[in-house]
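Report on the structure
Next come the chains, spelled out residue by residue.
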Amino acid sequence: MDRRQVVDKVDELIDTYCSDCLLKAYFRKEFSKARAHRFCIEECTVGEQIKSYGDKLK
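It should be emphasised that the depicted structure is a prediction, and the values quoted were computed from it without experimental measurement. For every chain, the first residue of the written sequence is number 1, and numbering continues from 1 onward in sequence order. The predicted origin of the model limits local features to residues at a pLDDT of at least 70 and limits the giving and counting of side-chain atom pairs to 80 or more, whereas totals for whole chains, interfaces and linings rest on all residues. Heavy atoms from the whole structure form the basis of all side-chain values; hydrogens and water molecules are not counted.

The subject of this paragraph is the overall build of the chain. Under the scheme used here, helices are H or I runs from DSSP no shorter than 4 residues and strands are E runs no shorter than 2 residues, and both carry numbers assigned from the N terminus. Summing up its helical and strand segments, the chain has four helices and zero strands in all. Along the chain, helices and strands appear, N-terminal first, in the series α-α-α-α. When a residue's accessible area, from a 1.4 Å probe over protein chains only, is under 20% of the maximum for its type it is buried; when over 50% it is exposed; and in between it is partly exposed. Put simply, the chain has 58 residues, and 21% of those count as buried. We call two residues in contact when some of their heavy atoms are within 4.5 Å. Sequence separation of 24 or more characterises 52% of the internal contacts of the chain that already satisfy a separation of 6 or more. Only the protein chains shown count as cover for residues, and all accessible areas are computed by the Shrake-Rupley method using a 1.4 Å probe. Surface accessibility of the chain: about 4,700 Å² in total, with carbon and sulfur atoms responsible for 52%. Once the 12 positive and 11 negative side-chain charges of the chain are each reduced to a mean point, those two points are 5 Å apart. Neither His nor the chain termini are counted; the positive set is Lys and Arg, and the negative set is Asp and Glu. For charged residues, the charge sits on one atom: NZ in Lys, CZ in Arg, CG in Asp, CD in Glu.

It is worth spelling out the packing of aromatic side chains at this point. Only centres within 6.5 Å qualify two rings of Phe, Tyr or Trp (six-membered ring in Trp) as a pair; their planes then separate them into stacked at under 30 degrees, edge-to-face at over 60, and tilted for everything else. Inspection of the entire model under this criterion finds four aromatic pairs. Cluster of aromatic residues (ring-pair linked, three or more members): Y26, F27, F31 and F39. Here the basic side chain of R35 rests over the ring of F27, its NZ or CZ set 4.6 Å away from the ring centre. Geometrically, a charge over a ring is one whose NZ (Lys) or CZ (Arg) sits within 6 Å of the ring centre while staying within 35 degrees of the ring normal.

What follows covers the packing of helix α2 (residues 22-30) against helix α3 (residues 33-42). One way to put it is that α2 packs onto α3 with a least axis distance of 7 Å and a crossing angle of 150 degrees. Between α2 and α3 the crossing geometry is right-handed. Counting all contacts with α2, which are made through L23, K24, F27 and R28, the residues of α3 involved are K33, R35, A36, F39 and C40. All residues other than Ala, Val, Leu, Ile, Met, Phe, Trp, Tyr, Cys, Pro, Asp, Glu, Lys and Arg, Gly among them, are scored as polar; the first ten of these are nonpolar and the last four charged. When the residues that make up the contact of α2 with α3 are grouped by side-chain class, the tally is five nonpolar, no polar and four charged. In this analysis an axis means a line fitted to C-alpha atoms, helices contributing only their contacting stretch, and an angle means the value between N-to-C directions, from 0 to 180 degrees. Each crossing gets its handedness from the near helix: less than a right angle anticlockwise from the far helix is left-handed, clockwise is right-handed.

For the rest of this paragraph, the subject is the packing of α3 against helix α4 (residues 45-57). Following both chains from N to C, one finds α3 and α4 inclined at 70 degrees, their axes separated by 5 Å at the closest point. When the interaxial angle is binned, α3 and α4 end up roughly perpendicular. On the side of α3, the interface is formed by C40, I41 and E42, while α4 contributes G47, E48 and K51. Among the residues making up the contact of α3 with α4, the classes are represented as two nonpolar, one polar and three charged. The cut-offs work like this: below 35 degrees is roughly parallel, past 145 is roughly antiparallel, 65 to 115 is roughly perpendicular, and the gaps in between are oblique.

A word on the pattern of salt bridges. Every case where a carboxyl oxygen of Asp or Glu lies within 4 Å of a side-chain nitrogen of Lys or Arg is listed as a salt bridge. Tallied over the full model, the rule gives three salt bridges. Residue R35 pairs with E43 through a salt bridge whose shortest N-O separation is 3.6 Å. Among the salt bridges present, the one from D55 reaches K58, with a minimum N-O distance of 3.9 Å. Among the residues examined, D55 registers a relative accessible area of 45% and is labelled partly exposed. Residue classification places K58 among the exposed residues on the basis of a relative accessible area of 83%.

In structure tokens, the structure reads:
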């Protein structure tokens, strides 16, 4: 998988799952933007997938 395909896949995941995510909105409203971001990276399955694609870009 080349760099362009990885970036396209990440964009597709974000557009499909993250743009209207209710959990992210809840954590952002109730706690903070940092807590919502941490949830997305560490606990969300889509965030873990995005993180794995990011590791391929290194």
